[in-house]
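Close look at the chain arrangement
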Amino acid sequence: QVQLVESGGGLVQPGGSLRLSCEASGISFSIYTMGWYRQAQGKQRELVCTISSGGGINCADSVKGRFSISRDKAKNTVYLQMNSLKLEDTAVYYCNARYSWNARSGYDYWGQGTQVTVSS
């Protein structure tokens, strides 16, 4: 059974920091691309950052320079360090694990989400 368990969300003031964690089980963690997505109320889910099995990183322009993603293969965990948080970063943040062996086939798993609220 695949599980992605997120933690670390909460309430923070503008300019503050949070670190999200996502521990994966039931998958071969090292071969998966891991990512963080977010969905603000009334908006579509959007990419925040991804990190490939080889360590390649892709982040949305809106978070570049403020957020960073990392993974610990020994702990089967991916992290999202969020600094200089803004009001518009408020959203539910979802952990994602994705593995594709061709353009049409693969696995795609999601965590349950963790709320991040930036408010003064």
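Look up a bit, the structure's there.
About the cut-offs
Just so you know, the residues in each chain are numbered from 1, in the order the chain's sequence is written. For this predicted model, a pLDDT threshold of at least 70 governs which residues receive local features, and a threshold of 80 or more governs which side-chain atom pairs are given and counted, while totals over whole chains, interfaces and linings are taken from all residues. The basis for every side-chain value is the complete set of heavy atoms in the structure, and neither hydrogens nor water enter the calculation. Put simply, DSSP marks the helices as runs of H or I at least four residues long and the strands as runs of E at least two long, and each gets a number from the N terminus on. Burial classification: accessible surface area is computed with a 1.4 Å probe over protein chains only, and a residue below 20% of its type maximum counts as buried, one above 50% as exposed, and the rest as partly exposed. Charged-residue counts in this description rest on Lys and Arg as positive and Asp and Glu as negative, His and the chain ends being excluded. One side-chain nitrogen of Lys or Arg within 4 Å of one carboxyl oxygen of Asp or Glu is enough to make a salt bridge. Under this definition, polar contacts are N or O atom pairs within 3.5 Å; protein pairs additionally need one hydrogen-donor-capable and one acceptor-capable atom, and for neighbouring residues in sequence, both atoms have to be side-chain atoms. Contact between two residues is taken to exist if any of their heavy atoms lie within 4.5 Å; hydrogens are not considered. Cysteine sulfur atoms that pair up within 2.5 Å are treated as a disulfide.

**Focus: the side chain of Glu6**
Along the chain, Glu6 falls in strand β1 (residues 3-7). Among buried charged residues, Glu6 stands out as having no salt bridge; its nearest opposite-charge side chain is Arg45, 7.7 Å away. Engagement of the side chain of Glu6 in a polar contact is seen with the backbone nitrogen of Cys95, the distance being 2.7 Å. Within the structure, the side chain of Glu6 is placed 3.0 Å from the backbone nitrogen of Gln112, a separation counted as a polar contact. Apart from the residues lying within four places of it in its own chain, the contact partners of Glu6 are Ser21, Cys22, Trp36, Tyr93, Tyr94, Cys95, Gly111, Gln112, Gly113 and Thr114.

**As for the state of the cysteines**
Applying the stated rule across the entire model yields two disulfides. Here Cys22 engages in a disulfide with Cys95; their sulfurs sit 2.1 Å apart. Disulfide Cys22-Cys95: the torsion about the S-S bond is -80°, which places it as left-handed. Residue Cys22 is located in strand β3 (residues 18-25), and its partner Cys95 is located in strand β9 (residues 91-102); the two are separated by 73 residues in the primary sequence.

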